[in-house]
Amino acid sequence: MKQDLKYAFRILLKSPAVTAVAVLTLALGIGANTAIFSVLNAVVLRPLPYAEPDRLVTLWETVAGNDKRSVAPGNFTDWREQNRSFSDLAATFYGNFNLTGNGEPERVNGSTVTSNLMSTLGVSAQLGRTFQPDDDEHQDRKVTILSDALWQRRFGGDQQIVGKSITIDDTAYTVVGVMKPGFKFPVLSDLWVLGGDRNAVSASLISQFPKNDWSHERDAHFISVIGRLKPGVTLSQAQSDIAGIAGRLEKDFPDTNAGLGSNVISLHTQIVGNVKTLITILLGAVSLVLLIACTNVASLLLARATQREREFAIRRAVGANRGRLVRQLLTESVLLSFVGGIAGLGLSVWAVSLFMKLSPGDIPRLDEASVDLRLLGFTFLVSLITGVAFGLWPALQATSGSLNQSLKDAGAKASEGKQRRRARNILIVSELALAQVLLVGAGLLIMSYVQVSKIAPGFNADHILSAKIAPAASKYPDPKSRIQFYARALEQLQNLPGVNSAGMVMSLPLSGASMNRGFTKEGEREARPDENVAMDYQVVSHDYFSTLQIPVLRGRGFTEQDNASAPHVIVISETMAKRYWPNEDPVGKRMAIGESSKDTSWRTIIGVVGDVRHASLTDLPVPTGYIDFRQDLESWSRMGFVIKTQTDPSALISSVRSSLVSVDPQQPVYAVDPMEKLLSSSVAPRKFVMTLIGSLAVVALALAIVGIYGVISFSVNERTREIGIRMALGAKRRDVLKMILSQGMRVAGLGIVIGLAIAFGVTRLLTSLLFEVSATDPTTFVLVAATLGVVAVMACYLPARRATKVDPLIALKEE
């Protein structure tokens, strides 16, 4: 082995250009695979950072058309008390908090939780402690836990933070602990408070809970539930257990629980389920790139084997058997692969960094991607397999044939035999077929992205600046005080220089946030919960529609006269009008908002406006009802502003922020961004996937071009004598050009056809990533095939044109 390695080094150094090309090609393929495996390892393969994570599950309610609905607190209470499958059940309610004092006011992500959340997960604090059951019994103590990130950023990593008081939503809380780095469950929480605290619950929900006790509430569905299975209990057993409880609750509480089921999902699946498909597709794509790289290097080694025909003949003549020669050639290819693997590992570190930078931010645990022993082992294994994969066939081809014939040919100029030419053609066919698959996949994603980009969001984002603010419930505890706060904020914005108009809405378009509310049409019975007669509930100011240029299709929008003392009215969306008032004009009709008869507010429909995409561009518009904020009985604690500017909205960011801060310096202003940024963010995930697959497809195309160009060029060089004789006998240059082109295009055409067949089956895996484009879209298939065909023609044409310039006399003298 030592002798083989020394000789392999000498051979590789003897042809530095060929070696460099091979190493770079392999580094590209191995590096891309290592980078994506690094992400796959961090996001999917690595166990969740909790004690016995396989026993952790999430629990959801189900209703017609929704198998993961948030849970009502009352149902959670019964699940926890009656189940036989869980050692513990905990609840969380994700939200935002105003953090003031010790610097500028800040809006931070946080969660309201039950005291057993940390113990259910099996995690501990790095400083202080987590919540304890005793904290539930003394809610007046108001305690909180901080994330490591918030502790470092806001409090400078103060080692004495435990026991100190901080201000959350204008209320003093005592810090009892700081979690370990990386812990941000659920979602991206930076602080945690207990669920029984009035200040921990959104102001919009407080009024629904008598005496501030929401543990038995069944009308509002807003909490997430996590459980730890008892040892030996399976997921299906837990599902049956909770389903039995849900069935009993449906009978006991038909008014609120009719049609409600349950769903138990492993926590790992819940966190990485959707992303796993994406990463698997990316891993498949980079694997294709690696295969293409292998075929390129294998083709290169076959060409070099032809030039080493004399060496192999002499080795066999002095006693080396075929196995010995194959071992030597495999040693060379594996050594080449390991050098490429080392370069690829360095490339993968850069690629992962770029991946994180380009990521739209919705890939969980991506920040955990790093170089570890598993990644090093993967790179070593891929390098080994790659070295054998691209080296074995050339080695077998180079050592085939009889010794007698090899000795006869050794004295003449090395030339590529028919068998070896066939082998190289097979490699090129494979390379083009694999490239075709990647190109078709990229083409489908591009077509899908184009379709998404064509979707009208329902509003005009040009010269629009958005901002958010959420006054603390403790300082603005009632609807009247919050209405006054928002009225002052709107007045401040409207009087800013450079502002044409300003409006307000509870959930900004394309933000993904919504509030589902049931309603009853006048003259009809109240809908059952399982009938899902509901709408997206939005609170707005009267100039919201005009600021965003949302068209009023029928009736009218809100005016300054639609204040608190005026008759209660509502504006509905076009989709809502079509779904619930088909074939009739809803203007003038009345409806009652509320999921039950005890919580209704009769309102008259005064207008119908165009649909606005509040969730995302790709989600179909949902029925939406708009209420003027002055007539809202709850006056929600969070609102977004839209400001129409006369110039570039970015130029007014500082002025808008200062204007809102001046209303109350203790309330944080956040997410001040041009509306165009929201539009870009809505398509960012698709753009991210399209960019990645598209880049890999471009790399595959480049490798394919190099491959076919190399094959034709080598063939021309080896056939110099033949071409010279043909031209000496009267062959025209166009005849030689046609001959070389036809031979190259036969190989390329076969690769394209095979690639189309493979792509036809494989692209169905992309279905979940496509939008209004079929996985077998014929236009994409034809365009990609035509493009690859043109590229193949150009790759064949250049060496074919060079062949026409062969001087017959010089060609014959060379022999």
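Residues numbered from 1 in each chain as written. Predicted model: local features only at pLDDT ≥ 70, side-chain atom pairs only at ≥ 80, totals over all residues. Heavy atoms only, no water.

Regarding the overall build of the chain
This is how it is decided: Each helix is a run of H or I in the DSSP string that is no shorter than four residues. Each strand is a run of E no shorter than two, and both are numbered from the N terminus. Burial classes follow relative accessibility: with a 1.4 Å probe on protein chains only, a residue under 20% of its type's maximum area counts as buried, one over 50% as exposed, and anything between as partly exposed. In what follows, residue pairs with any heavy atoms lying within 4.5 Å of each other are defined as contacts. Computed by Shrake-Rupley with a 1.4 Å probe, the accessible areas treat only the displayed protein chains as cover when residues are assessed.
When helices and strands are tallied, the chain shows 24 helices and 22 strands. In the chain, which comprises 815 residues, the share counted as buried stands at 53%. Contacts in the chain between residues far apart in sequence, at least 24 positions, make up 81% of those at least 6 positions apart. Carbon and sulfur atoms provide 57% of the accessible area of the chain, an area that totals close to 35,500 Å².

Comments concerning the environment of Gly273
Turning to its location among the elements, Gly273 is positioned in helix α10 (residues 267-307). Residue classification places Gly273 among the partly exposed residues on the basis of a relative accessible area of 25%. Through-space distance from the C-alpha of Gly273 to that of Val44 is 8.7 Å; in sequence the pair is 229 residues apart.

Here's the deal with the nonpolar core
We count it as follows: To qualify as a nonpolar core, a set must consist of buried Ala, Val, Leu, Ile, Met, Phe, Trp, Tyr and Cys residues joined through side-chain atoms within 4.5 Å.
With 122 residues, the main nonpolar core has Phe355, Phe459, Tyr544, Tyr626 and Ile708 as its most contacted residues. It is helix α20 (residues 675-718) that provides the largest number of residues to this core, a total of 19 residues. Setting aside chain neighbours within four positions, we find Tyr544 in contact with Gly503, Met504, Val505, Pro509, Ile550, His614, Tyr626 and Val642. Formed by 40 residues, the second largest nonpolar core is a distinct cluster that contains Ala489, Ile605, Leu652 and Val672.

Describing helix α6 (residues 148-155)
Operational definition: Summarising the geometry, the arc corresponds to the directions from the helix axis toward the C-beta atoms.
Those residues of α6 that sit buried are Asp148, Leu150, Trp151, Arg154 and Phe155. Taken down its axis, α6 places every buried residue within 165 degrees of arc, on the same side.

Considerations on the confidence of the model for the chain
The condition is simple: Within a predicted model, pLDDT stands for the predictor's per-residue confidence, ranging from 0 to 100.
Of all residues in the chain, 90% attain a pLDDT of 70 or more, and the chain-wide mean is 83. pLDDT under 50 marks residues 411-415. Its contacts with residues more than four places away, or in other chains, come to eight contacts.

Some points on the pattern of salt bridges
The test is simple: Salt bridges are counted wherever a side-chain nitrogen of Lys or Arg sits within 4 Å of a carboxyl oxygen of Asp or Glu.
The final tally for this structure, using the stated rule, is 15 salt bridges. One salt bridge connects Arg129 with Asp135, and the closest N-O pair in it is separated by 2.9 Å. Lys677 serves as the salt-bridge partner of Asp673, at 3.4 Å between the closest nitrogen and oxygen. Judged by relative accessible area, Asp673 falls into the partly exposed class, the value being 23%. Among the charged side chains, a salt-bridge network with shared partners connects Glu106, Arg153 and Arg154.

Thoughts on the packing of helix α21 (residues 720-728) against helix α22 (residues 733-762)
Helices that pack against each other are described as a pair by the angle of their axes relative to one another and the distance between those axes. Inclusion rule: As a rule, the C-alpha atoms of each element are fitted with a line to give its axis, helices using only the stretch in contact, and angles between N-to-C directions run from 0 to 180 degrees. Left-handed describes a crossing whose near helix is turned anticlockwise from the far helix through less than a right angle; right-handed describes the clockwise counterpart.
Interhelical geometry of α21 versus α22 gives an angle of 145 degrees and a closest axis separation of 10 Å. The handedness of the crossing between α21 and α22 comes out as right-handed. For the pair α21 and α22, contact is made by Glu722, Ile723, Arg726 and Met727 and by Arg733, Val736 and Met739, respectively.

Some points on helix α1 (residues 2-14)
Which entries qualify depends on this criterion: Expected helix span is computed as 1.5 Å times (number of residues minus one).
Its 13 residues give α1 an end-to-end C-alpha distance of 18 Å, which sits within 8% of 18 Å, the value for a rise of 1.5 Å per residue. Within the span of α1, buried status applies to Asp4, Tyr7, Ala8, Ile11 and Leu12. Buried residues of α1, seen end-on, are gathered within an arc of 135 degrees and therefore sit on one face of the element. Exposed residues lying more than 90 degrees from the buried face of α1 are Lys2, Gln3, Arg10 and Leu13.

A few points about the packing of helix α16 (residues 479-494) against helix α19 (residues 653-663)
In contact at an axis separation of 9 Å, α16 and α19 are set at 145 degrees when each is read in the N-to-C sense. Crossing of α16 against α19: the hand is right-handed. Only Val656, Ser659, Leu660, Ser662 and Val663 of α19 make contact with α16, whose side of the interface consists of Phe485, Arg488, Ala489, Gln492 and Leu493.

Things to note about the pairing of strand β11 (residues 261-266)
What counts, and what does not: Between any two strands, pairing holds if DSSP finds at least two bridges.
Within β11, six of the six residues are buried, which leaves it mostly tucked inside the rest of the structure. Across six bridges, strand β1 (residues 56-63) lies against β11 in antiparallel orientation. The partner of Val57 across the bridge, within β11, is Ser266.

Details of unusual backbone geometry
Looking along the chain, the bond that leaves Phe185 and enters Pro186 is cis, with omega of -5 degrees. Mapped onto the secondary structure, Pro186 falls in the loop between β8 (171-179) and β9 (191-194). Although it is not a glycine, Glu52 sits at a positive phi angle of roughly 40 degrees. Its location among the elements puts Glu52 in the loop between α2 (16-45) and β1. The class of Glu52 is exposed, set by a relative accessible area of 51%. Positioned with a positive phi, Ala671 is a non-glycine residue whose angle comes to about 50 degrees. Exposure remark for Ala671: the relative accessible area of 32% places this residue in the partly exposed category.

Here's the deal with the side chain of Asp190
To keep things clear, this is the line we draw: What qualifies as a polar contact is a pair of N or O atoms within 3.5 Å, subject to a donor-acceptor requirement within protein and to the restriction that residues adjacent in sequence count only when both atoms come from side chains.
Inspection of the secondary structure puts Asp190 in the loop between β8 and β9. A polar atom in the side chain of Asp190 sits 2.6 Å from the side chain of Ser147. Residues contacting Asp190, with those up to four places away along its chain left out, are Asn109, Gly110, Ile145, Leu146, Ser147, Ala149, Leu150, Arg153 and Lys184.

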